[in-house]
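Structural overview for review
The primary structure of each chain is shown beneath.
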Amino acid sequence: MKQCDKKSLLTLCLGAAGMSLRLLQNMTGFEPGTGLPIPGSIPGILLPVLLALSAVILFRMNSKLPKGPVEVPLSRLLNWNDKEGLFGILAGGCVMAFSGVLEIANAFGRTVTAVSADGMEIVTVSAGTGRSGVVMGLLAVVAGICLLAGMAICRKTPDTEPQILLAVPVLLLARLIFAYRLYSVDPVLANYYLELLGLMLLILASYRLSGFAVQAGGPRMFGFYADLTAILAVTLLADGHRDGYKRQALLPLGGAAALEGFQRAMRMSGAAKGKTEE
């Protein structure tokens, strides 16, 4: 089995474990009446431990990759015969854009319930309503389009630097700012910390990917952040049934699929030598 396949399988298993713990936390880790987290909830404790352990394992596995920078055009790094990798990029970019479309469609009049700061009453919290929801949706749509455009540029005009990929982490960072402003009014951090963490990892992975667009990419750190993003994306699927969280779970899932596609399609053995196959 190839090293990439082993790492992908491990990432999927760790993500599935995280999703299971998150499901248990959603079912048993919150008080039914108030929605406040139950102190000492085992799933709520084990989930951060699992994520930290996953980071250590993946860092060691990705340490075998070249550190970089890789002074090779991205179009020459990509193996255009790797249909699985290219499909992952295409599908991931489309899912990211689709998640933004869903968010725009549901931007108005959409709310979720949360607990007030004193824990005494249930209040209504905006879940991306109005102008902020539209902006967040547009940012997701444009980020997905930029990923697809970057691959198209590499395909149609070889040796041309797809600098449009530089816009992806900037767009996602702007989304993170809006998301934090919306969710920070919820005093229960356990409700939304995974989504913010997943978005931050997606930003870091996209930033590392954009380095390949200017021949300064680092395969080691790109692989590390991309794998962690995949784990968070699978974990967040546990929140898909919760009101207001389903569409947010689609964005990291699409981003993780696109990043995994780039990982599979990149010829890292050639990158380590500064050469690629013709």
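Quick summary incoming for the structure in this document.

What counts, and where the lines are drawn
- Residues numbered from 1 in each chain as written.
- Predicted model: local features only at pLDDT ≥ 70, side-chain atom pairs only at ≥ 80, totals over all residues.
- Heavy atoms only, no water.
- Helix = DSSP H or I, 4+ residues; strand = E, 2+ residues; numbered from the N terminus.
- Buried < 20%, exposed > 50% of the residue type's maximum accessible area, 1.4 Å probe, protein only.
- Contact = heavy atoms within 4.5 Å.
- Areas by Shrake-Rupley, 256 points an atom, 1.4 Å probe, with all protein chains shown as cover.
- Polar contact = N/O pair within 3.5 Å; in protein donor to acceptor, adjacent residues only side chain to side chain.
- Core = buried A, V, L, I, M, F, W, Y, C linked by side-chain atoms within 4.5 Å.
- Salt bridge = Lys/Arg side-chain N within 4 Å of Asp/Glu carboxyl O.
- Expected span 1.5 Å × (residues − 1).
- Axes fitted to C-alpha atoms, helices over the stretch in contact; angles between N-to-C directions.
- Parallel < 35°, antiparallel > 145°, perpendicular 65-115°, else oblique.
- Left-handed = near helix turned anticlockwise from the far one by under 90°.
- Nonpolar A, V, L, I, M, F, W, Y, C, P; charged D, E, K, R; others polar.

1. Some remarks on the overall build of the chain
The number of helices and strands found in the chain is ten helices and two strands. When the elements of the chain are put in sequence order from the N terminus, they spell out α-α-α-α-β-β-α-α-α-α-α-α. A buried classification covers 50% of the 278 residues belonging to the chain. Considering only contacts in the chain between residues 6 or more positions apart, those separated by 24 or more positions represent 78%. For the chain, the exposed surface amounts to about 13,000 Å²; the carbon and sulfur share of it is 66%.

2. Regarding the side chain of Glu-103
Here Glu-103 shows up in helix α4 (residues 83-105). For Glu-103, a relative accessible area of 1% gives the class buried. Within polar-contact distance, the side chain of Glu-103 engages the side chain of Arg-175 at 2.9 Å.

3. Let's talk about the nonpolar core
Formed by 57 residues in total, the largest nonpolar core has its most connected members in Leu-74, Leu-172 and Phe-262. Sorting elements by how many residues they give to this core places helix α7 (residues 193-212) first, with nine residues. When near neighbours in sequence (up to four residues on either side) are disregarded, Phe-262 contacts Leu-74, Leu-78, Ile-89, Leu-147, Leu-209 and Phe-222.

4. Some remarks on the pattern of salt bridges
Charged atoms that come close allow side chains of opposite charge to pair. Under the criterion given, the structure shown has four salt bridges. A salt bridge links Asp-227 to Lys-7, with the shortest nitrogen-to-oxygen separation between them at 3.3 Å. Here Lys-7 lies in helix α1 (residues 3-28) and Asp-227 lies in helix α8 (residues 219-235), a separation of 220 residues in the sequence. As far as the burial class goes, Asp-227 and Lys-7 line up, both buried. Put simply, Arg-22 and Asp-239 hold a salt bridge, and the shortest N to O gap is 3.1 Å. You can see Arg-22 sitting in helix α1 and its partner Asp-239 sitting in the loop between α8 and α9 (246-265), a full 217 residues away along the chain. Judged by its relative accessible area of 2%, Asp-239 falls in the buried class.

5. Here's the deal with α8
A rise of 1.5 Å per residue sets the reference length of α8, with its 17 residues, at 24 Å; its end C-alpha atoms lie 24 Å apart and thus fit the reference within 8%. Counting buried positions along α8 yields 15 of 17 residues, so the element is predominantly enclosed.

6. Side note on the packing of helix α6 (residues 167-183) against α7
Interaxial distance between α6 and α7 falls to 9 Å at its minimum, and their mutual angle equals 165 degrees. When the interaxial angle is binned, α6 and α7 end up roughly antiparallel. Note on packing geometry: the crossing formed by α6 with α7 is left-handed. Each of Val-168, Pro-169, Leu-172, Leu-173, Arg-175, Leu-176, Ala-179, Tyr-180 and Tyr-183 in α6 lies in contact with α7, whose residues at this interface are Glu-195, Leu-196, Leu-199, Met-200, Leu-202, Ile-203, Ser-206, Tyr-207 and Ser-210. Of the residues that constitute the contact of α6 with α7, the class distribution is 14 nonpolar, two polar and two charged.

7. So, the side chain of Asp-186
Its place among the elements puts Asp-186 in the loop between α6 and α7. With a relative accessible area of 8%, Asp-186 lands in the buried category. Of the polar contacts made by the side chain of Asp-186, one reaches the backbone nitrogen of Val-188; its length is 3.0 Å.

8. A word on the environment of Leu-23
Positionally, Leu-23 belongs in helix α1. Exposure remark for Leu-23: the relative accessible area of 33% places this residue in the partly exposed category. Placed 213 residues apart in sequence, Leu-23 and Leu-236 show a C-alpha to C-alpha distance of 9.5 Å.

9. Focus on α4
Its 23 residues give α4 an end-to-end C-alpha distance of 32 Å, which sits within 8% of 33 Å, the value for a rise of 1.5 Å per residue. Looking at where α4 begins, the residue whose side-chain oxygen comes 3.3 Å from the main-chain nitrogen of Glu-84 is Asp-82.

10. Here's the deal with unusual backbone geometry
Although it is not a glycine, Gln-215 sits at a positive phi angle of roughly 55 degrees. By secondary structure assignment, the location of Gln-215 is in the loop between α7 and α8. Classification of Gln-215 as partly exposed rests on a relative accessible area of 27%.

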